Amino acid sequence: MRNRLFILLSLFALVMAACSTPSQSEPGTASPQPEGEAPPEVLLSYELADGASYVYDVTLVQTIQVSAEGNGAALDDEDIPESADINVAGTGQFTFDVADGPDEGTYEVTITGELTDLNVTGTVDGEPVSGDDIPDFADVEPVSTTVVVDDKGNIIPADPSVEDPFGDLLGGLEGLGGMGSGSVPGAELGQFFGPPFGDEAVTVGDTWSATVEVPGFGSEPITTTVESEVTGTDTVGGVDVLVIDTSTVVSAFEVDLADFFIGLFTGFLPDDATAEEQAQIDELVENLRFVISSDETTSTSKTLFDPESGMTQTYEVASLANLGFDLNFPDEETGELSSFVMDMSIDQTVSYELATDEPA
């Protein structure tokens, strides 16, 4: 059951991660500037030094609520509770090791770290949880990942020529601590964070936006809209920074993966299949259901950015995701179809504060 749940969440992560690759941001219409003298206009870009390591103190505060019902083995394992209300809080350090990217103006960023001070409270199926008794779906695993970004903060997609679109996603996956917000920069641990920048110089009061549509395994694409505004200036540790407020909206969607799994299962059916094996596949084709849905996902973030060094000093993002799962899927032990529906909400805040920007 644990593996099947991980597969489900892995595929959802694939869909959400596809939304996290906005195209180059286009400057929007400048809003009226606040009273007082605005700083000179500046063309914003990230300046990451090849061979450098940047360390950020990270804080996660998260609430996960789950309700589920079903039959068969789907709810017989503690990995899928009938109800849960969990609060997760943790702190730790994450290191961003930088190398030159494959193209000019790009960076290869390897992100490693973990939350070493993790506190979990709440209830699962009416029973309290605390201390080290962390449910699998609320656990936050160590992070080790590599991404490629350009100097505007846009994620560069992986090589599209790779034949297997699911890669290693059918293997293990960390718990739900990083789920539900993959489309929001920095909301999932192990992402490059900060707003994508536009191609025109800005000052206080200026705005810009980016919108991207990606296929959603269905007839309707998933749309992500990112809107940013320089709302003021501040000083952090003697460094003059711009204050950038960003809102991100990911459209509601429904993903039906039944056809994918039917193709996967029927592909393993041997040419000399017995009548019993063929009957099992026919039942599967007729009854298999694997639907993942999401309400419109919203987030807001605040970035304190040093335009002179091209570094983010602090970043905080708050996001809310409401997810739904409707499955009728073979049990991994008995092979019998097992049905359940599950609703999940993930309300979280993640903050990053630069600890040092000295090369390691």
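Our subject is the structure listed above.
Now for a quick tour of the structure. As the structure is a computational prediction, the values presented were derived from the model and not from experiment.

**Some thoughts on the overall build of the protein chain**
No. 1: When its secondary structure is counted, the protein chain shows 3 helices and 14 strands.
No. 2: By the burial criterion, 46% of the 360 residues in the protein chain qualify as buried.
No. 3: For the protein chain, the share of sequence-separated contacts (at least 6 apart) that also reach a separation of at least 24 residues comes to 74%.
No. 4: Surface summary for the protein chain: the accessible area is close to 17,000 Å², and the carbon and sulfur share equals 47%.

**A few points about a negative patch on the surface**
No. 1: Among the surface-exposed residues, E69, E82, D125, E127, D295, E296 and D343 lie close enough to one another that they form a single negatively charged patch.
No. 2: Among the structural elements, D125 can be located in the loop between β4 (106-124) and β5 (127-129).

**Section: the packing of aromatic side chains**
No. 1: Counting across every chain of the model gives 13 aromatic pairs.
No. 2: Look at Y46 and F197: their rings are 4.7 Å apart centre to centre, the planes differ by 20°, and that puts the pair in the stacked class. Here Y46, found in the loop between β1 (26-27) and β2 (53-70), pairs with F197, found in the loop between β6 (143-150) and β7 (207-214); they are 151 residues apart in sequence, far enough to count as distant.
No. 3: Judged by its relative accessible area of 1%, F197 is buried.
No. 4: Considering the side-chain rings of Y315 and Y352, the 6.1 Å spacing of their centres and the 50° angle between planes classify their relative orientation as tilted. With Y315 in strand β13 (residues 311-330) and Y352 in strand β14 (residues 337-356), the pair connects residues that are 37 residues apart, well separated along the chain. By the burial criterion, Y315 is buried, and Y352 matches it.
No. 5: Joined through ring pairs, the aromatic side chains of Y46, F192, F197, W208 and F305 make up one cluster.

**Some points on the environment of T225**
No. 1: The residue T225 is located in strand β8 (residues 222-236) in this model.
No. 2: A residue is classified by how much of its surface remains accessible, and T225, at 23% relative accessible area, is partly exposed.
No. 3: In this structure the C-alpha to C-alpha distance between T225 and S251, which are 26 residues apart in sequence, comes to 8.5 Å.
No. 4: For T225, the residues in contact, after removing those within four places along its chain, are A210, T211, S247, T248 and V249.

**Section: the nonpolar core**
No. 1: With 71 residues, the main nonpolar core has Y54, Y56 and L189 as its most contacted residues.
No. 2: Take this core: its biggest share by element is 8 residues, from β13.

**Observations regarding empty space enclosed by the protein**
No. 1: Under the defined criterion, the tally for this structure stands at 7 cavities of 30 Å³ or more.
No. 2: Roughly 110 Å³ of volume is contained in the largest cavity.
No. 3: What lines the largest cavity is simply Y46, L48, Y54, Y56, F96, V98, V109, F192, F193, G310, M311 and T312.
No. 4: Of all the elements in the fold, those that place two or more residues in the lining of the largest cavity are β2, β3 (83-100) and β13.
No. 5: Residue classes in the lining of the largest cavity are distributed as 10 nonpolar, 2 polar and no charged.

**Focus on helix α2 (residues 258-267)**
No. 1: Residues of α2 that are buried include every one of A258, F261 and I262, and no others. Looking straight down α2, one finds that the buried residues subtend no more than 105° of arc, so they occupy a single side. For α2, the exposed residues lying more than 90 degrees away from the buried face are D259 and G267.

Each value, and the rule that gives it
Residues numbered from 1 in each chain as written. Predicted model: local features only at pLDDT ≥ 70, side-chain atom pairs only at ≥ 80, totals over all residues. Heavy atoms only, no water. Helix = DSSP H or I, 4+ residues; strand = E, 2+ residues; numbered from the N terminus. Buried < 20%, exposed > 50% of the residue type's maximum accessible area, 1.4 Å probe, protein only. Contact = heavy atoms within 4.5 Å. Areas by Shrake-Rupley, 256 points an atom, 1.4 Å probe, with all protein chains shown as cover. Patch = residues over 30% accessible without salt bridge, like charges linked within 9 Å, V, L, I, M, F, W, Y side chains within 5 Å. Salt bridge = Lys/Arg side-chain N within 4 Å of Asp/Glu carboxyl O. Lys, Arg positive; Asp, Glu negative; His and termini not counted. Charge placed at Lys NZ, Arg CZ, Asp CG, Glu CD. Phe/Tyr/Trp six-rings, centres within 6.5 Å; stacked < 30°, edge-to-face > 60°. Core = buried A, V, L, I, M, F, W, Y, C linked by side-chain atoms within 4.5 Å. 1 Å grid on protein atoms, 1.4 Å probe; cavity = no way out; pocket = protein on both sides within 12 Å on 5 of 7 lines; lining within 4 Å. Points joined across faces, edges and corners; volume = space filled by probe spheres on them. Nonpolar A, V, L, I, M, F, W, Y, C, P; charged D, E, K, R; others polar. Arc of directions from axis to C-beta.

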